Amino acid sequence: MRKRKVTYAKTDLRNLAHFMSGLQPDQKSLTEIQTVYDNLTLLGQLLCAGTDITRMRSDFNSLASLLLDQLAKEHYKKATLNLGSGARVAIDVLTRNLFERTADIGFLATDSEICSFAEAVEVDPKVKRDRQWQSALQSRFTEYVNKYSVYHNIILLSPLGDVLVQLDDDNAVSRTTDKLVEEALTTNAGYVEVFRPTDLLPGDDSPLIYAYRVMSKDGSHPVGVLCLCFRMQDECQRIFENLVAEDDWTVITLLDASGRVIASSDPYQFPVGVKLEQANDDDCRIIRFAGREYLAATRPAHGYQGYMGPGWVGQAMAPLSHAFEMSEAHELGSVPDDLLNCVLETATLFSQELRDIPLKAASIQQELNRAVWNGNIWLASDGAAHNAAFAKVLLREIGSTGIRTRNVFSESTTNLYKTVLSSVLFDCSTQAALAIDIMDRNLYERANDCRWWALTRLFREELAQIDFADQEQKKRLTDVLRTINSLYTVYSNLILFDQMGRVVAVSNSAYNDWLGKTLPESWVRPTLGLEDTQNYSVTSFTATDLYAGQPTYVYSAAVREPDSSEPVGGVSIVFDSTPQFQAMLRDALPRQADGSLVPGAFAVFAGRDGHVISSTDASLTPGTRMTIGFEFFNLQRGGSCSDIIIYNGRYYAVGSCMSAGYREYKSDEDTHQSDVVALVFSPLSDRLIDAESLHSLRDLAVDTYALHQASGGETVDVASFYLGQNWYGIRSSYVVEAIDPERLTAMPGASEWVKGCLMYQDQVLSIFDLSSIVSPPKPTEERRARRGTMAGKRQVLILHSPKDQTRFGILVDNLGDIAEIPVAQIEALPGMMSEGNSLVESLIKPQSGSAERRILIVLSVEKILHRFSEKELAE
């Protein structure tokens, strides 16, 4: 039997749009207007009064479809951003953690006490049963796990797989046959990474173990294998808790190379061990699991310092019915309307396709406006027209529909733009949280390193009997420091000092001039006075000669006598803050769809007081005070903030997140609580605009077709239009038609007020521009079509003289409406104003009770024609 196969395209928006609740208001508004267009088109065709809007209806349908498609795309992009970010952060944070583990095993396998015990067992197997020696080694393992709490067990094996000693007494394993022993003994790499069931940890279905060989004192042969057992599920849950809120429907999983779930934020929906389909592309796709459909995003690890991880991927999923809840623009709730409107006007985020939508809507309205105009002109010229009253009602309704069309598209397009903006704000917040999480985890390791290295047997023995004249002693200490520094490359220098604060050895030879000198730092005495091996000291982020006069953190711990807690010196590790913080911040920078960095975006680490610690913006050097809102810094631990600000002459989306610590680091028990905030800035525009200028660029789309209807008595039809921002009118009886200026041909050598000529009904007509006569010149940039304005192509009004029927045309910026004006509202021009070169015929006062407060200036066709005739004769 042939199976029926159902597949979904990864971006089948027609299918996904059903789940986008944020689209429904726009769909409803557009559908309502679409119904009106259908009805008006039918009535217009029946009336045959120049009211056939079939083409405009088709244009509307096409534009409505385009708008809904764009809205769906932006909802989809934000959902993809949400899921993709969760998947990427989960796998990248874990990969960085595991990179540290690869260094841990390499160094701990060289520990002198571990090596001595393994070699002693090789010489005399009875040593294995020496309880005192075993207890001492278990205590050392305990000290290690107290610092590096990411491990739950440490196991030392013989080359044959016998368990020599382990931390966890409850693990009743005495021997292993796992091939990891052979791999650790023979590998050319610095570690062996194993993630699979093993007889070393029975009952654990997904243990992650790092192993490496332990060498004899002379380095001639291996005497054992050391295994560090990582808290895999515990660590993954910590990552998931930072990414998934309690009310979030998103589920984040980690998958191995075969697609098997190895960790899950919701094991009830996706249990460990099940296999999932992957969305191996840059977007999302629909997957099915347990009879439910999910939108899924899969992201591989980016790697860290050459380490690419075990080959796992992060996969985030959300049920289709909830996948697009994050797509709504909730992030903009705190942005003031005036500021938001300015950003929407100037933002450079929107594609040309998006920017064209309101222009196309304005074009549709312009076409409808012209249809209404010409319909009213037809009625005015044919007083005995059949169904004239009905035709006027129909024309008004068509005009109102044009206004509604523009307003609905303007509102929907604004919603679309807001979705784009909210995506940027969400991305900034997410990346800021990632940056501070990376920093907290990184500095956790630094606090661990200094405490553990302070327990190095050689350091304790040599500092207890330091002799500055003993060059061999200095070489032994220096060699160990350099070995450590070669494994842990995040440090600029490692320093050993005695109980007088004198430098005994350094790992960085550039600082050899410090040897024998007393450290002048204020942290030396507090370090020597630390209570126990769990304590450490760390400087504030300040400049130090130990880092070439640049600011950094210096972590220190006391080195104690071999068999007591008496301090004999200390070890200090100088964090290489400049490149390390830069790398963290670069990894957190927002990226475009193609993976490239967002141009102009930058990230910052700063203190709670706003002083910069590090920044990818070269102008923000360490110590610079950031002059942005206090709300970005006044956060609780782990708190976040996002907003739009004005910065350096541009609008920026900014997300910030305060450090929360990691495990024991900066926990309530940790005495070191210096707060750091990560901020991510993403540019939204390349300029600013003030609210007043913005208001002048936007025309309020008011439905005036119902405002200028006479309630009775004698009336005159007046056709209104705009020249710049000025409102003019001409008696409808003198208007032939409004047409598109595309057929206009320029006349070489003509005056600026002669725009050219065009053919109209087999007659060549001159076309004049009244702008230079009746209103001041308008800058070219203010004539540009803008989002939310009525600006579009200029129109040509064909006029005729009431005396000799001479025809000519004038250019106008926009058409107004054709209104029935009561004669009582028409006021003749005062004598002093009617003389000379004035083109004005009369003034129309605002109707009592009307929302319109402007005076309509009615121009005289005869005066226009006479004025231009005089100009032609003069020239």
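Predicted model, so just to flag it, every value in this text is computed and none were measured.

Draft legend 1. Structural view of the pairing of strand β5 (residues 222–230). Across the 9 residues that make up β5, a large majority, 8, are buried. Here strand β1 (residues 151–157) pairs with β5 via 6 bridges, running antiparallel. Its bridge partner lying in β5, isoleucine 154 is registered against leucine 228. A loop of 6 residues connects strand β4 (residues 208–215) with β5, the two strands running antiparallel in sequence, and glycine 219 in this loop sits at a positive phi of about 75°.

Draft legend 2. Representation of the sheet that holds strand β2 (residues 163–166) in the model. The strand order across the open sheet built from 5 strands is β2-β1-β5-β4-β3, with neighbouring strands paired in antiparallel fashion. Among the strands making up the open sheet, the edge pair consists of β2 and β3 (192–195). Going across the sheet, the axis of each strand differs from the next one's by a mean of 25°, ignoring polarity.

Draft legend 3. Region of the structure containing the environment of leucine 487. Here leucine 487 lies in helix α12 (residues 471–487). Judged by relative accessible area, which is 33%, leucine 487 ranks as partly exposed. With 383 residues separating them along the chain, leucine 487 and aspartate 104 place their C-alpha atoms 8.5 Å apart.

Draft legend 4. Examining unusual backbone geometry more closely. With a phi close to 50°, glutamine 305 is a non-glycine residue in the positive phi region. Mapped onto the secondary structure, glutamine 305 falls in the loop between β9 (292–300) and β10 (313–319). Taking relative accessible area as the criterion, glutamine 305 reaches 42% and is therefore assigned partly exposed. The phi dihedral of glutamine 761 is positive, around 50°, even though this residue is not glycine. Within the secondary structure layout, glutamine 761 lies in the loop between β26 (754–760) and β27 (763–769).

Draft legend 5. The arrangement of the pattern of salt bridges in detail. Applying the stated criterion across every chain, the model contains 27 salt bridges. Here glutamate 100 and arginine 446 are joined by a salt bridge, their closest N and O atoms 3.3 Å apart. In this pair, glutamate 100 sits in helix α3 (residues 54–108) while arginine 446 sits in helix α10 (residues 388–453), placing the two residues 346 residues apart along the sequence. The same class applies to glutamate 100 and to arginine 446, which are both buried. Salt-bridge contacts for arginine 140 lead to glutamate 113; the nearest nitrogen and oxygen are separated by 3.6 Å. In this pair, arginine 140 is assigned in helix α5 (residues 131–147) and glutamate 113 in helix α4 (residues 112–123), connecting sequence segments 27 residues apart. For arginine 140, a relative accessible area of 7% corresponds to the buried category.

Draft legend 6. Region of the structure containing the environment of leucine 811. The residue leucine 811 is located in strand β29 (residues 807–812) in this model. The sequence separation of leucine 811 and serine 771 amounts to 40 residues, and the corresponding C-alpha distance is 8.4 Å. What leucine 811 contacts, discounting residues up to four positions off in sequence, is Leu723, Pro741, Leu744, Lys755, Ile767, Phe768, Asp769, Arg794, Gln795 and Val796.

Draft legend 7. The arrangement of the packing of α4 against α5 in detail. Contact geometry for α4 and α5: axes closest at 11 Å, N-to-C directions at 150°. In terms of their interaxial angle, α4 and α5 are classed as roughly antiparallel. Judged by the sense of rotation from one axis to the other, the crossing of α4 with α5 is left-handed. Contacts from Glu113, Ile114, Ser116, Phe117 and Ala120 of α4 reach α5 at Trp133, Gln134, Leu137, Arg140 and Phe141. Residue composition of the contact of α4 with α5, by class: 6 nonpolar, 2 polar and 2 charged.

Calculation rules
- Residues numbered from 1 in each chain as written.
- Predicted model: local features only at pLDDT ≥ 70, side-chain atom pairs only at ≥ 80, totals over all residues.
- Heavy atoms only, no water.
- Buried < 20%, exposed > 50% of the residue type's maximum accessible area, 1.4 Å probe, protein only.
- Helix = DSSP H or I, 4+ residues; strand = E, 2+ residues; numbered from the N terminus.
- Pairing = 2+ DSSP bridges.
- Axes fitted to C-alpha atoms, helices over the stretch in contact; angles between N-to-C directions.
- Salt bridge = Lys/Arg side-chain N within 4 Å of Asp/Glu carboxyl O.
- Contact = heavy atoms within 4.5 Å.
- Parallel < 35°, antiparallel > 145°, perpendicular 65-115°, else oblique.
- Left-handed = near helix turned anticlockwise from the far one by under 90°.
- Nonpolar A, V, L, I, M, F, W, Y, C, P; charged D, E, K, R; others polar.

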